[in-house]
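A structural walkthrough
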Amino acid sequence: MRENIKTVKNRRQFMKAAGLAGTVGVAGVAGCVGGGSDRGGDKFKFGVVTSLSGDLRFGGEVTRRGYDLWKKTVNENGGIDIDGSSYEVELSYADAKSDPSTGADAASRMISSERVDAVLGPYSSNVTLAVAPIMEKNRTPHISGSAESPRIWEQQFKHTFGTVPTVTLIAQRAAEEILSLDPAAESVYVSGVNGPFSKATASAMRDAAENKGVEVLAYDLNPSDTDWTNVVSSAKSQDPDLHFHGGHIGSHVSLLKAADQLNYDPDGFFNHYGVNTSSFKEGLGDGARGTFGATVWMPDLERSGGKLFGSAADYAEAARAEYDSDPDYTQAASSAAGVVYQQALEELGAAPPLSDTQKSKLVEIIEGASVETFYGDVTFDKEGEFYHNNTSTSPLPIQLQDDNKAVVVGSADSASPANYPVEE
Amino acid sequence: MGAENDLSIRNRIQALLDRDDAHLWLFAAGTLFLTVLPLALNTFWTRIALGVLLWVGLAQSWNMIGGYAGYLDFGHGAYFGAGAFVTGIVMTELELPFVAGLLIAGVFCAVLAYAVGVPTLRLSGAYFAIATWAFAEAIKELALIIEITGGTYGMTIPTGPGTAGIPLVGWPDEMFFYYLMLVLTLGTIALAYWLFEHSEFGFRVKAIRDHEDAAQSLGIDATKIKRRVYVLSCAIAALFGSANAYYITFVHPNDVLAPIITDQMIIMALLGGLGTIGGPIIGGVLIFLLNRMTSLFLGQTTLYLPLIGVLIMGIVLFAPSGVVGILRGEVGREDVKRNLRELAEKFNIL
Amino acid sequence: MVSTELLGQSIVNGLLLGGIYVTVGVGFALVFGVLEIIDFAVGEYVMLGAFMGAIVAPVVGGEGLFVVPLAFVAFFLVGMIVQPFLHHVTTGDRPMPLLMGLVFTFGLAIFMRGSVLTIFGPNTRAVPTKTLEGGIDVTGIGTFPEVRVVTAVVGVLALVAFMYYLYRTTGGTAIRAIAEDRDIARLMGVNINRYQSIAYGVYAGLTATGGVFIGLIYSAGPGMGLQYTAFAFFMIVLAGLGYLPGIIISGLVLGLAQSLTAVYIGGELVFFVLFGMIYVLLLVRPEGLLGKGEVS
């Protein structure tokens with residue numbers, strides 16, 4: 001009997017539930033049909049898909065600053081010039097929440113609801129790899145100011161570009177320079193996090209050592225939240241001249257702290273990505289000093305200049321005025337992505353909103369463009385493993401010196417002398 | 001006055017809904033509505049609608065083992081991820097179309113669930129919860145290391161014309177995925193309704209949940225029945241994992257095997273109402289929309305995270321039977337008052 | 001290639017790591033054993049403790065160790081406030097009390113993590129110390145990092161102090177009586193609410209204290225809690241659910257398994273091995289390694 005009563009109850013709840021679900025559904029539809037945003041033709045509209053929350057929020061925030069600063073500066077200078085008329089720039093943000101499917105939905109919203117002319121891309125390769133197919137399907141141009149993983153370019157996406165050279169190039173060239181410091185290192189211990197970006201970084205570091213004929217004592221990959229004393233102990237027992245590590249900031253901090261606790265003291269540490277960020281410096285305090293890193297851009301470099309920002313120093317000054325902190329290369333590359341769009345749009349000469357044919361034409365222009373910027377000359381590879389990646393901005397090794405200030409070291413003309421072997 | 005009116009309207013609706021053929025009509029009406037729905041939506045909203053269907057289906061699959069059978073499966077997401085990778089491997093290594101990947105993923109995960117279920121279902125309560133969670137984490141770590149899943153580089157799934165293996169499907173676009181999810185989700189709901197609300201099997205499952213020992217002494221083969229529910233619910237999660245992988249085209253262990261996948265299924269089922277058909281539907285719709293819409297409403301902050309935390313705690317505190325319980329009238333003003341009074345008593349620590 | 005030096009160091013690392021885990025496992029085992037609550041928020045108490053270290057230390061002379069007693073008191077109070085809620089959702093006529101407790105603490109964990117992320121941002125922060133820097137080299141065995149040694153000692157001392165309270169004082173007897181049978185304890189005049197709140201408060205305080213030390217060893221970041229939740233689960237499974245003294249053994253086993261796997265099998269495999277161990281252990285020996293846990 002009780003069972004029977006229960007069934008009746010369950011039926012009731014099913015009906016009610018289904019009824020409610022239906023109501024919510026209808027309300028949702030009503031909401032969205034009404035919610036399609038009207039596109040005016042007085043502005044260029046860019047969609048920004050980046051991670052403002054979740055694990056990648058730190059990197060996402062850096063890209064947001066870069067894109068915002070570009071927008072602000074363009075509009076202060078009267079906007080983008082199309083045959084004598086000026087059009088302001090509007091950015092529309094969507095949070096990818098560090099999750100690829102959320103990123104893909106966000107990208108789709110940019111195109112079908114916000115009707116943007118072009119997209120500025122996400123931080124992190126996983127999200128980029130989910131967003132790029134949406135751009136292919138909708139034939140919409142997409143430039144990322146931060147994606148460094150080589151996997152993106154292997155996929156040969158026609159509509160996706162990146163202003164930061166792939167980490168394969170950054171880590172390898174910087175590592176080669178560091179290995180050339182005097183006295184030349186004879187052995188190196190390579191460790192890294194077993195993540196897509198980090199593994200590519202560590203493997204580029206290993207390649208650099210092998211190219212230079214330096215003995216690679218180990219190639220040691222670990223989960224990011226492992227206890228790094230294990231790696232440090234293994235490394236210490238093999239006594240390398242240099243220690244290279246590929247990972248994000250959290251793992252650098254843990255590794256260097258473990259090294260300090262176990263009195264492990266090679267001639268130098270080279271970590272990538274994120275040595276020149278406040279998070280790395282705050283996480284280690286005084287312990288950050290002497291660490292080598294890599295960059296493609298610094299505020300005090302001589303770069304071509306070009307549109308909007310006359311030089312690297314001008315850009316740094318504008319960034320400091322806006323955010324009260326020094327920009328790093330990811331932020332600069334994100335602003336440079338905007339400058340690339342600006343020049344390409346002027347060449348296209350079409351007023352917003354862009355038609356599908358105009359968007360396709362814009363992609364062709366970007367592919368063939370050579371853009372002078374405060375960040376450096378930007379050109380995109382037209383074929384090969386780095387297809388549509390800007391490989392022409394040259395990577396440089398850096399070191400945190402007094403007051404944790406980053407300076408360029410190595411063989412470049414503007415380089416400062418390295419503190420090597422590192423003395424605390 | 002108003003309250004009386006409400007009551008009589010409520011009674012009338014109730015009477016209507018209690019008619020035996022009413023669910024069938026409702027299901028038919030829902031199906032019809034959902035079939036024509038995409039005609040009114042642009043691509044983005046079609047994606048949102050298909051995301052809702054995906055999560056309603058997943059929450060319903062968890063509800064089978066967690067809500068109806070009362071076994072807290074904290075590793076259900078392992079099958080969602082396994083389904084994704086099996087499909088990817090079938091499509092890349094064997095170069096078979098998606099439809100083959102979908103079927104093989106379902107069968108493979110059913111076999112896997114059987115093999116895992118036999119030893120694991122001997123545990124219960126917290127032990128079962130922790131064991132399934134550890135199993136899922138181990139699977140994720142394994143997928144990050146071995147080569148066939150692409151390891152930490154993840155896996156790109158083929159897409160484009162001819163990859164679906166279904167006649168008349170050209171480029172698999174949002175419309176295709178919408179109707180694919182619609183078929184899977186409606187199928188899951190119909191199956192759950194028939195099995196758990198309309199057949200003797202369902203009574204047995206609930207008897208095991210409520211009093212496993214007593215059920216066994218009445219001659220119910222608890223081991224066998226639990227195993228069947230587990231295998232079924234896991235295989236369904238795998239089918240959704242497979243469809244989702246083909247849809248997103250890129251799968252990575254840290255995404256499709258993330259613990260948050262399981263957590264979300266549980267919270268949806270709980271918020272809607274455990275062990276009911278309507279619960280996961282309501283919970284799935286609400287939580288997915290909340291999740292996708294927060295950035296539209298709250299702008300560029302992470303404030304939605306603490307708010308979701310408060311929401312979850314509030315539901316557990318005041319509406320443990322979920323939205324279904326609220327609709328059933330279990331969370332009236334009196335209930336909330338009583339709840340608060342009892343809570344206040346527990347602060348009496350002197 | 002096996003050098004005795006590296007083996008010695010790996011064992012030292014593993015044992016000290018185990019000591020760190022003990023600071024997290026003690027309280028967790030207590031709330032499981034006595035309150036029958038699986039607290040998903042355990043790692044978040046670690047995170048909050050570490051953050052408190054990072055934020056308060058600069059105010060108290062740049063020394064993280066000074067924050068330790070403050071963190072214990074602060075989170076003891078937080079725990080006293082949280083416990084009545086937990087007690088409420090896991091009792092009464094609610095369906096599936098175990099799930100309710102789990103989901104409530106899951107919500108609590110999201111709330112804590114999200115609040116810290118929203119207020120302090122995603123950056124990692126150092127917990128400064130001036131006294132515990134570097135390590136002590138012991139010839140023939142290896143290097144003992146000062147901060148880890150102190151942490152491990154504190155963890156074990158906390159456990160011993162706790163066992164003393166539990167088995168040698170009136171309050172402890174009351175808590176054990178509640179664990180034995182809540183209704184009988186109530187009939188005997190034990191104020192259930194008070195002692196449950198004390199037990200949870202001590203757990204929250206101890207775990208946050210462990211968090212300050214963990215912040216000293218690594219650093220503080222909003223996402224750091226999750227892995228300690230995982231390790232806490234690992235330890236109570238290994239110890240035998242509900243068996244408190246087993247925590248020392250299981251902490252050390254966890255630390256050793258981690259360091260030896262990383263050095264001799266492969267760093268990538270560490271977590272696969274650990275989670276695989278939990279799963280298999282639950283299947284073959286649900287009463288824990290020592291066989292003293294309760295089996296449901």
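Per an unreviewed UniProt entry, chain B is named Branched-chain amino acid ABC transporter permease, and its organism is Halorientalis pallida. Under Subcellular location (unreviewed entry), UniProt gives the following word-for-word description of chain B: "Cell membrane".

1. Describing the overall build of chain A
If you tally the helices and strands in chain A, you get 13 helices and 15 strands. A buried classification covers 62% of the 424 residues belonging to chain A. Within chain A, residue pairs in contact and separated by at least 24 positions form 69% of the contacts whose partners lie at least 6 positions apart.

2. With respect to the overall build of chain B
Each helix and strand counted, chain B has 16 helices and two strands in total. A compact globule built from 350 residues would reach a C-alpha radius of gyration of about 20 Å, and chain B, at 21 Å, matches this within 12%. Overall size of chain B, expressed as C-alpha extent along the three principal axes, is 65 × 50 × 45 Å. Taken across its 350 residues, chain B has 53% of its residues classed as buried. Summarising the internal contacts of chain B: among those between residues at least 6 apart in sequence, 73% fall at separations of at least 24.

3. Points about the domain arrangement of chain A
All names here are of chain A. Domain boundaries in chain A define domain 1 (43–165 + 300–379) and domain 2 (168–295 + 396–408). In this structure, domain 1 and domain 2 have C-alpha centres spaced 30 Å apart. Listed by contribution, the elements that provide at least two residues to the side of domain 1 that touches domain 2 are α4 (125–138) and α5 (150–154). Broken down by class, the residue content of the side of domain 1 that touches domain 2 amounts to four nonpolar, four polar and three charged.

4. Here we look at the nonpolar core
Counting 346 residues, the largest nonpolar core has Val103(C) and Ala199(C) as the members making the most contacts within it. Tallying contributions element by element places helix α3 (residues 43–68) of chain B first for this core, with 16 residues. Two domains each put at least three residues into this core: domain 1 (43–165 + 300–379) and domain 2 (168–295 + 396–408) of chain A. Those residues in contact with Ala199(C) that lie beyond four places of it in its chain are Leu30(C), Val31(C), Val34(C), Leu35(C) and Ile175(C).

5. Overview of the environment of Ala207(B)
Residue and element names in this part refer to chain B. Within the fold, Ala207 resides in helix α8 (residues 200–210). In this structure Ala207 comes out as partly exposed when scored by C-beta crowding, with 18 C-beta atoms within 10 Å. For the pair Ala207 and Ile166, spaced 41 residues apart in sequence, the C-alpha to C-alpha distance is 42 Å. Ignoring sequence-local partners within four residues, the contact set of Ala207 consists of Ala215 and Ile220.

6. Observations concerning the pairing of strand β13 (residues 376–379) of chain A
Residues and elements named next belong to chain A. Both strand β12 (residues 370–373) and β13 contribute to a ladder of four bridges, which runs antiparallel. From the neighbouring strand, Thr373 faces β13, where its bridge partner is Gly376. Connecting β12 to the antiparallel partner β13 that follows it, the hairpin turn spans two residues.

7. Quick look at the UniProt feature "transmembrane region" (unreviewed entry) in chain B
Those places that UniProt annotates as "transmembrane region" (unreviewed entry) correspond, in this numbering, to residues 22–41, 48–68, 98–117, 176–196, 229–247, 267–291 and 303–327 of chain B. In residues 22–41 of chain B, helix accounts for 75% and strand for 0%; the two terminal C-alpha atoms are 29 Å from one another.

8. Thoughts on the packing of helix α2 (residues 42–56) of chain C against helix α4 (residues 97–120) of chain C
Residues and elements named next belong to chain C. Here α2 crosses α4 at 25°, and the two axes come no closer than 9 Å. As far as their axial angle goes, α4 and α2 are roughly parallel. Between α2 and α4 the crossing geometry is left-handed. Contacts from Glu44, Met47, Leu48 and Phe51 in α2 reach Ala109, Met112, Arg113, Val116 and Phe120 in α4. Of the residues contributing to the contact of α2 with α4, the split by class is seven nonpolar, no polar and two charged.

9. Thoughts on helix α3 (residues 67–89) of chain C
Residue pairs spaced three or four apart in an α-helix point in one direction, given the helix's 3.6 residues per turn. Taking 1.5 Å per residue, 23 residues should reach 33 Å; α3(C) reaches 33 Å between its end C-alpha atoms and fits that length. Approximately 30° is the largest bend angle found in α3(C), and it occurs at Val82(C), with the proline Pro84(C) only one to four residues beyond.

10. Things to note about unusual backbone geometry
Residue and element names in this part refer to chain A. With omega at 0°, the peptide bond leading from Asp182 into Pro183 counts as cis. Counting through the fold element by element, Pro183 comes out in the loop between α6 (167–179) and β7 (187–193). With an omega of 10°, the peptide bond running from His272 to Tyr273 counts as cis. Note that Tyr273 resides in the loop between β10 (268–272) and α10 (278–284). The backbone of Asn263 shows a phi angle near 55°, a positive value even though the residue is not glycine. Looking at the element boundaries, Asn263 is found in the loop between α9 (249–261) and β10. Under the C-beta neighbour-count criterion, Asn263 is labelled partly exposed, with 14 such atoms within 10 Å. One non-glycine residue, His388, lies in the positive phi region at around 70°. One can find His388 in the loop between β13 and β14 (396–400). Using a count of 24 C-beta atoms within 10 Å as the deciding quantity, one classes His388 as buried.

11. Remarks on the confidence of the model for chain B
Per-residue pLDDT for chain B averages 88, and the proportion of residues at 70 or more is 92%. Interface scoring of the predicted complex returns ipTM 0.87; its pTM is 0.87.

12. Section: the sheet that holds strand β5 (residues 142–144) of chain A
All names here are of chain A. Sheet architecture is open: six strands sit in the order β2-β3-β1-β4-β5-β6, paired in mixed fashion. The sheet is open, and its two edges are formed by β2 (80–82) and β6 (160–162), each paired on a single side. Mean inter-strand twist for the sheet, computed between neighbouring axes without regard to direction, equals 30°. In this structure, β5 lies alongside β6, joined through three bridges in parallel fashion. What sits directly across from His142, in β6, is Thr160.

13. Description of the interface of chain B and chain C
If you look at the interface, chain B gives 44 residues, while chain C gives 44 residues. Taken together, the elements giving at least two residues each to the side of chain B that touches chain C come down to α5 (98–120), α6 (125–145), α12 (259–272), α14 (304–318) and α16 (333–346) of chain B. Considering every element that reaches the side of chain B that touches chain C, the biggest residue donor is α6(B), with 12 residues. Split into classes, the residues belonging to the side of chain B that touches chain C amount to 30 nonpolar, nine polar and five charged.

14. Quick notes on the pairing of strand β1 (residues 43–50) of chain A
Residue and element names in this part refer to chain A. Burial within β1 is extensive, with seven of its eight residues counted as buried. Summarising the sheet, β1 and strand β4 (residues 118–120) pair through three bridges and their orientation is parallel. From the neighbouring strand, Val48 faces β4, where its bridge partner is Leu120.

15. Details of the environment of Ser191(A)
Residues and elements named next belong to chain A. The residue Ser191 is located in strand β7 in this model. For Ser191, a count of 26 C-beta atoms within 10 Å corresponds to the buried category. The spatial distance from the C-alpha of Ser191 to the C-alpha of Gly60 is 25 Å, given a sequence separation of 131 residues. In contact with Ser191, not counting residues within four places along its chain, are Ala202, Asp220, Val231 and His245.

How each quantity is defined
- Residues numbered from 1 in each chain as written.
- Chains lettered and ligands numbered in written order.
- Predicted model: local features only at pLDDT ≥ 70, side-chain atom pairs only at ≥ 80, totals over all residues.
- UniProt positions renumbered as here; feature names shortened; annotations may be inferred.
- Helix = DSSP H or I, 4+ residues; strand = E, 2+ residues; numbered from the N terminus.
- Buried ≥ 20, exposed ≤ 12 C-beta atoms within 10 Å, placed from the backbone.
- Contact = placed C-beta atoms within 7 Å.
- Rg over C-alpha atoms; globule rule 2.2 N^0.38 Å.
- Domains from an automatic or database assignment.
- Nonpolar A, V, L, I, M, F, W, Y, C, P; charged D, E, K, R; others polar.
- Core = buried A, V, L, I, M, F, W, Y, C linked by C-beta atoms within 7 Å.
- Pairing = 2+ DSSP bridges.
- Axes fitted to C-alpha atoms, helices over the stretch in contact; angles between N-to-C directions.
- Parallel < 35°, antiparallel > 145°, perpendicular 65-115°, else oblique.
- Left-handed = near helix turned anticlockwise from the far one by under 90°.
- Expected span 1.5 Å × (residues − 1).
- Bend = angle between axes of the 7 residues up to and from the residue.
- pLDDT = per-residue confidence, 0-100.

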